[in-house]
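Each chain is listed here by its residues.
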Amino acid sequence: MQLGQEYEDYDSEFIQTVTLSVTAGSFSNDYQIVITREDDTEAYALFQEKEFTGSDGTVIPYELYIPTNYDESRSYPVVFALHGSGQRTQPLDMILKRYQMATIWAKDSEAGHNECIVLAPQCTVEDENLENWTTLMAYSAGEADDPFAPMPQLDAAYELLQEVLDEYSCDKDRVYMTGLSAGGYAT
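No experiment lies behind these values; they were computed from the predicted model shown.

Enquirer: Residue-level account of unusual backbone geometry, with values.
Expert: Located in the positive-phi region is N114, a residue other than glycine, with phi close to 50°. Residue placement: N114 occurs in the loop between α3 (103-110) and β6 (117-121). In the Ramachandran plot, S181 falls in the positive-phi region, its phi being about 55° despite a non-glycine side chain. Relative to the helices and strands, S181 is located in the loop between β7 (170-179) and α6 (182-186).

Enquirer: So what's going on with helix α5 (residues 152-167)? Residues and values would help.
Expert: Taking 1.5 Å of rise per residue, 16 residues should cover 22 Å, and α5 covers 22 Å from first to last C-alpha, within 8% of that figure. All of the buried residues along α5 are Q153, L154, A156, A157, L160, L161, V164 and L165. Of the surrounding elements, those touching the buried residues of α5 are β3 (47-53), β4 (59-65), β5 (76-82), β6, β7 and α6.

Enquirer: Report on the nonpolar core, specifying residues and quantitative values.
Expert: One finds L64, I117, L119, W133, L160, V164 and Y168 to be the most contacted residues of the largest nonpolar core, which totals 24 residues. Among the elements of the structure, β4, β5, β6 and α5 are those that each provide at least two residues to this core. By size, the runner-up hydrophobic cluster in this structure holds 14 residues, among which are V79, L92, M101 and A120.

Enquirer: Can you tell me about the pattern of salt bridges, naming the residues and giving the values?
Expert: Considering all chains together, one arrives at six salt bridges under this definition. Between R74 and E115 there is a salt bridge, with the nearest N and O atoms lying 3.0 Å from each other. Residue R74 is found in the loop between β4 and β5, and its partner E115 is found in the loop between α3 and β6; the two are separated by 41 residues along the sequence. Take E115: its relative accessible area is 16%, and that puts it in the buried class.

Basis of the calculations
- Residues numbered from 1 in each chain as written.
- Predicted model: local features only at pLDDT ≥ 70, side-chain atom pairs only at ≥ 80, totals over all residues.
- Heavy atoms only, no water.
- Helix = DSSP H or I, 4+ residues; strand = E, 2+ residues; numbered from the N terminus.
- Expected span 1.5 Å × (residues − 1).
- Buried < 20%, exposed > 50% of the residue type's maximum accessible area, 1.4 Å probe, protein only.
- Contact = heavy atoms within 4.5 Å.
- Core = buried A, V, L, I, M, F, W, Y, C linked by side-chain atoms within 4.5 Å.
- Salt bridge = Lys/Arg side-chain N within 4 Å of Asp/Glu carboxyl O.

The following block contains the structure:
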């Protein structure tokens, strides 16, 4: 059985045990590895799908997690998670499903550990060869002078972060940013 990468494969559990045999000289040993992808449908349901329009008119969809026991008399840290290039053209919920970058925080928070608010915007694009969180791809194509300059999507995501910080009871001294691939570059 192969670990599926299709959209519907992310809504089911996958478990497979693989045996690896290692031999080095006279030494030989078998190792069992269990490959697991959980069905995180319950974690996905903790997020709200929303849309934000930046001051320049850039529209970005996003996923937002607010703890189910949210108490506005408390201050919550915020995790700001930026996905990689692959999720720019995928359905919005794939920013949750593809790599547990946002959902792992929500699952911990629901369990009473590291309670936080999680914000995961999506960098939607018209030209996937040039657009991303930063001008890195345009720079690589010879279309930009600076690979680190923010694209409108990153500016809008930052404005969205400011809105979330103002709308909810957030600890502005504990805003954590994480990113994968192009999202790590933007981070």
